[in-house]
Amino acid sequence: MNIAPLLEIEQLHAGVAGKEILRGLDLQIYPGEIHALMGPNGSGKSTLSNVLMGHPAYEVTHGTIRFLGRNLLELPPEERARAGLFLAFQYPVAIPGVTVARFMKAAVEAVRGREQVRAAALLHEMRETARWLEMEESFLNRAINEGFSGGEKKRMEIFQMLLLRPRLIVLDETDSGLDVDALKIVARGVHRALGPDTGVLLITHYERILNHIPPHKVHILLEGRIVKSGGPELVAEIERRGYDWLRESAAATS
Amino acid sequence: MADLPLDNKLLQEYAHGFVTPVEEELVPPGLNEDIVRTISRKKGEPDWLLEFRLKALRAWQRKTEPHWAAVDYPPIDYQSIRYYAAPRRLSAGEGMDPEILRTFERLGIPLHEQQRLQGVAIDAVFDSVSVATTHQKILEEHGIIFCSFSEAVRRVPELVRQYLGSVVPPGDNFFAALNSAVFSDGSFCYVPPGVRCPLELSTYFRINAAGIGQFERTLVIADRDSYVSYLEGCTAPIRDENQLHAAVVELVALEGATIKYSTVQNWYPGDEQGRGGIYNFVTKRGECRGARSRISWTQVEVGSAITWKYPSCVLRGDDSVGEFYSVAFTNKRMQADTGTKMIHIGRRTRSTIVSKGISAGESRNTYRSLVKFLPGADYARNHSQCDSLLVGNRCTANTFPVIESENPTAILEHEATTSRISEEQLFYLQSRGLDPEAARSLIVNGFCREVFQQLPMEFAVEAVKLLEIKMEGSIG
Ligand SMILES: Nc1ncnc2c1ncn2[C@@H]1O[C@H](COP(=O)(O)OP(=O)(O)OP(=O)(O)O)[C@@H](O)[C@H]1O
Ligand SMILES: [Mg+2]
């Protein structure tokens, strides 16, 4: 039993615009594990995903993050992506005039290495992946996220994830705003990306995605700290009781 | 397609900055009646053409250099410029200098008939003269005349005489008058009625000699119901001095004819300090003379120290259409003042303007347009869209759209935006593995997409690559 963790976060303090949001967060994810992260609005879930990916506006004031044994905080975002980290954004941005096909060619070349990519094979892979996610092939020729519906944007994130073949997948509320069928497709996509070496950090407010993607562990983030970790039974408890009962215990420990 | 004009995968910095060691025949510097007569005599021109030049010279002498454009440069000494330079062997009738062939090959433009480009006929202009025109046979089979301007004067003098100066009169403006007095060569094209030109026609301009100006003249005539697509490319050596390029392009579209004219301008832009570079003062105008005719200008301007250029359409024929698609990229100390004029004369004439300005470094990028509806232009319409993208904080972008309507039925829509590359967009692309430079370049190319789509396919690919190269190192 000597497997190294994929991701190792210790005593992370981070903030944005001079405001501290994460206040001593610890988390370890091992290969093959699915972790769910829940917490009320504004508790710092997206802050954590932005810090993991290296958003320049977010400042880490204390603590360490190791990814596959490397000091993640030393790497610019593009090298984190190349090392195998993928973030499905809560609010993906549009890039006018840049088609999905063009963008993904550049991204796949950057992540897999230019020598590894043959244009024709990649185009075939893109078409196949789009079909598999029940997206119209015409999406490949549309500008990335421009005029996409909320659900289409989420599906586009999953499309990118499948093409980039990451080791650690962070899904920031990818399930929010999806209809029942789209939710199933997204879950199917995540299963396809999973392997014995892959880890998932699934940020969500809802139980329903967790029925499709059962987590090994569930964590509750409150005021910048993980105040409780447990198994899937924790989710049902949150659905029933909300977060307030945890607030009191959080206050007691700080 | 591997060998394309404007192929530019060579270097990050200006890759076309070499000088060709070729013996050139030069006229002494300065501009006066003697020089004009000398040029005309060297070219063995008929009297009417000499008259045209002298009239233009007199108009030029009466005019003063225009200074309304938002560009700054030290005064130009017109008497220190040489107005004619030609490779000696060519003017001595000894055929083309092998050095010149090699020059064009290095630029990606083979002139040998064996290795010429598929689907593109090229007229290559080296300093003041046209040195070669390819694909003559196919063109002749269709009755298309495509040759150097000088040759056209000999071959079809009546056509040249009928149309020369009919769109841009010799005294039109200071730079057009200068060109009309001293123009040395350029390209001529005539497409007969009903003919769809089977090849892309292309002129490639190369300035080589030091201390000379280039003043070429292009005249394209599309007769009734014909179609032609024309592409122009330009480069010059790196030199510390500024060189003047004052071209005139005239297009005439008769009833039902279509002319697509695309330019990829990559003249040497000068260095970081603003030393050297081409002054590009160009007059381009097309006239939709017949009903249902169409003229479409597409320009990708990525070079020159100063660009002063407003490709325009005079929409005389009823139901005629004018289009202007432009990408103007400025970097370092470059200054561009560019845009278009759409003059609506005929009924139901339509025009479209799509302008994309990108400024980086300490450059200055100005868009300027005039959309005019004359009293007879019933139900004419214009749609203008003009977007600026700023890269960095030390550059400036301005837009000056002017509208003059003398017809209440005319309809005009105008949209304008100014934006910066957002941190969120950059981060999104970086999170997918792109480094910041590649990310910016992708965003800029996306910004220009609508314009690039107008270019013939192969040239669009080249334009994308060219812009990528230009974007490198543009963030200081
Ligand atoms: N760029 C920013 N500037 C200022 N404040 C910010 C910024 N980003 C996040 N915050 C603040 O940090 C806190 C945590 O936000 P975060 O987006 O991480 O919450 P979240 O847990 O993802 O919430 P939700 O469930 O609503 O998505 C909030 O109070 C938010 O307003
Ligand atoms: Mg969030």
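Residues numbered from 1 in each chain as written. Chains lettered and ligands numbered in written order. Predicted model: local features only at pLDDT ≥ 70, side-chain atom pairs only at ≥ 80, totals over all residues. Heavy atoms only, no water.

(A) Spatial organisation of the overall build of chain A. Per the secondary structure count, chain A includes nine helices and ten strands. For a compact globule of 254 residues, the expected C-alpha radius of gyration is about 18 Å, and chain A comes in at 18 Å, within 12% of that figure. For chain A, the spread of C-alpha atoms along the principal axes amounts to about 60 × 40 × 40 Å. Out of the 254 residues belonging to chain A, those deemed buried represent 54%. Residue pairs in contact within chain A that sit at least 24 positions apart in sequence constitute 70% of those at least 6 positions apart. With the model as given, the accessible surface of chain A reaches about 11,300 Å², and the carbon-plus-sulfur share is 48%. Averaged over its 30 positive side-chain charges, chain A has a centre that lies 4 Å from the centre of its 32 negative ones. (Helix = DSSP H or I, 4+ residues; strand = E, 2+ residues; numbered from the N terminus. Rg over C-alpha atoms; globule rule 2.2 N^0.38 Å. Buried < 20%, exposed > 50% of the residue type's maximum accessible area, 1.4 Å probe, protein only. Contact = heavy atoms within 4.5 Å. Areas by Shrake-Rupley, 256 points an atom, 1.4 Å probe, with all protein chains shown as cover. Lys, Arg positive; Asp, Glu negative; His and termini not counted. Charge placed at Lys NZ, Arg CZ, Asp CG, Glu CD.)

(B) A look at the packing of helix α9 (residues 423–430) of chain B against helix α10 (residues 436–447) of chain B. Residue and element names in this part refer to chain B. Direction vectors running N to C along α9 and α10 enclose 120°, while the axes themselves pass 9 Å from each other. The angle between α9 and α10 places the two elements in the oblique class. For the pair α9 and α10, the crossing hand works out as right-handed. For the pair α9 and α10, the contacting residues are Gln425, Leu426, Leu429 and Gln430 in the first and Pro436, Ala439, Arg440, Leu442 and Ile443 in the second. Looking at side-chain class alone, the contact of α9 with α10 contains six nonpolar, two polar and one charged residues. (Axes fitted to C-alpha atoms, helices over the stretch in contact; angles between N-to-C directions. Parallel < 35°, antiparallel > 145°, perpendicular 65-115°, else oblique. Left-handed = near helix turned anticlockwise from the far one by under 90°. Nonpolar A, V, L, I, M, F, W, Y, C, P; charged D, E, K, R; others polar.)

(C) Representation of the coordination of the magnesium ion (ligand 2). Residues and elements named next belong to chain A. In the first shell of the magnesium ion (ligand 2), the protein supplies Ser46 (OG) and Gln90 (OE1), at 2.0 to 2.2 Å from the metal. Residue Ser46 is found in helix α1 (residues 45–53), and its partner Gln90 is found in the loop between β6 (85–88) and α3 (100–112); the two are separated by 44 residues along the sequence. On the accessibility criterion, Ser46 (24% relative accessible area) is partly exposed. Residue classification places Gln90 among the buried positions, given a relative accessible area of 16%. (Donors = N, O, S within 2.8 Å, 3.2 Å for Na, K, Ca; no water.)

(D) Summary view of the side chain of Asp223 of chain B. Residues and elements named next belong to chain B. Within the secondary structure, Asp223 sits in the loop between β8 (216–222) and β9 (227–235). We note that Asp223 is buried and unpaired, the nearest opposite charge coming from Arg224 at a distance of 4.6 Å. Within the structure, Asp223 has its side chain in polar contact with the side chain of Tyr190 (distance 2.5 Å). When residues no more than four places from it in sequence are discounted, the contact partners of Asp223 are Tyr190, Val191, Pro192, Pro193, Leu254 and Ala257. (Salt bridge = Lys/Arg side-chain N within 4 Å of Asp/Glu carboxyl O. Polar contact = N/O pair within 3.5 Å; in protein donor to acceptor, adjacent residues only side chain to side chain.)

(E) A look at the interface of chain A and chain B. The interface is formed by 34 residues belonging to chain A together with 21 residues belonging to chain B. Between chain A and chain B, a total of about 2,200 Å² is buried, with carbon and sulfur atoms accounting for 65% of that surface. Summed over the three residues of chain A that lose the most area to chain B, namely Glu78, Ile95 and Arg102 of chain A, the buried surface amounts to 23% of that side. One can count one salt bridge joining chain A with chain B. Of the charged contacts in the structure, one is a salt bridge between Glu157 of chain A and Arg432 of chain B, with a shortest N-O distance of 2.6 Å. One can count ten residue pairs in polar contact (both at pLDDT 80 or more) joining chain A with chain B. For the side of chain A that touches chain B, the elements supplying multiple residues, two or more each, are α1, α2 (77–83), β6, α3 and α5 (150–164) of chain A. When residues of the side of chain A that touches chain B are assigned to their parent elements, the largest contribution, six residues, is made by α3 of chain A. Looking at the side of chain A that touches chain B, its residues break down into 22 nonpolar, eight polar and four charged. (Buried area = accessible area lost by both parts, 1.4 Å probe.)

(F) Region of interest: the pairing of strand β11 (residues 248–253) of chain B. Residue and element names in this part refer to chain B. Counting buried residues along β11, six of its six residues qualify, which places the element largely inside the surrounding structure. Burial along β11 is two-sided: Val248, Glu250 and Val252 and Val249, Leu251 and Ala253, pointing in opposite directions, are all buried. In the sheet, β11 pairs with strand β13 (residues 277–288) via six bridges, with the strands oriented parallel. Each residue of the ladder has a partner; that of Leu251, found in β13, is Gly286. (Pairing = 2+ DSSP bridges.)

(G) Representation of the packing of aromatic side chains in the model. Enumeration according to the criterion identifies 22 aromatic pairs over all chains in this entry. Taking 5.2 Å as the distance between ring centres and 50° as the angle between the ring planes, the aromatic pair formed by Phe89 of chain A and Tyr428 of chain B counts as tilted. Here the residue Phe89 of chain A occupies a position in the loop between β6 and α3, and Tyr428 of chain B occupies one in helix α9, the pair thus bridging two chains. Here the two residues Phe89 of chain A and Tyr428 of chain B agree in accessibility, since each one is buried. Members of the aromatic cluster, joined through ring pairs, are Trp60, Trp68, Tyr73, Tyr78, Phe174, Phe175, Tyr279, Phe281, Trp308 and Tyr310 of chain B. (Phe/Tyr/Trp six-rings, centres within 6.5 Å; stacked < 30°, edge-to-face > 60°.)

(H) Expanded view of the site of ligand 1. Residues and elements named next belong to chain A. With respect to spatial proximity, 15 residues lie near ligand 1, and among them Gly42, Lys45, Ser46, Thr47 and His205 are the closest. Between ligand 1 and Gly42, the relevant distance is 2.8 Å, taken from an oxygen atom to a main-chain nitrogen or oxygen of the residue. Thr47 is positioned with one of its side-chain polar atoms (N or O) 2.6 Å from an oxygen atom of ligand 1. Across the complex, the protein chains shield 66% of the 640 Å² of accessible surface that ligand 1 would expose by itself. Mapped onto the shell around ligand 1, the elements with two or more residues apiece are β2 (19–29) and α1. Among the elements that take part in the shell around ligand 1, α1 stands out by supplying three residues, more than any other. Looking at the shell around ligand 1, its residues break down into four nonpolar, eight polar and three charged. (Near = heavy atom within 4 Å.)

(I) Summary view of the sheet that holds strand β10 (residues 225–230) of chain A. Residue and element names in this part refer to chain A. Strand order in this open sheet of six strands is β6-β7-β8-β3-β9-β10, and the pairing throughout is mixed. Two strands lie at the open edges of the sheet, namely β6 and β10, each paired on one side alone. Each strand axis lies, on average, 20° off the axis of its neighbour in the sheet, ignoring direction. Across four bridges, the pairing between strand β3 (residues 34–38) and strand β8 (residues 199–203) is parallel. Residue pairing across strands places Ile34 opposite Val200, the latter belonging to β8.

(J) Broad picture of the sheet that holds strand β5 (residues 70–71) of chain A. All names here are of chain A. Read from one edge to the other, the open sheet built from four strands follows the order β2-β1-β4-β5, with strand pairing classed as antiparallel. The sheet is open, and its two borders are formed by β2 and β5, each paired with just one other strand. Two elements, strand β4 (residues 58–67) and β5, share two bridges in a ladder whose sense is antiparallel. Within the sheet, the bridge partner assigned to Arg66 lies in β5 and is Asn71.

(K) Expanded view of unusual backbone geometry. Residue and element names in this part refer to chain B. Unusually for a residue other than glycine, Arg292 sits at a positive phi of about 60°. Take Arg292: it is sitting in the loop between β13 and β14 (294–301). The phi dihedral of Ser304 is positive, around 75°, even though this residue is not glycine. Relative to the assigned elements, Ser304 resides in the loop between β14 and β15 (306–309).

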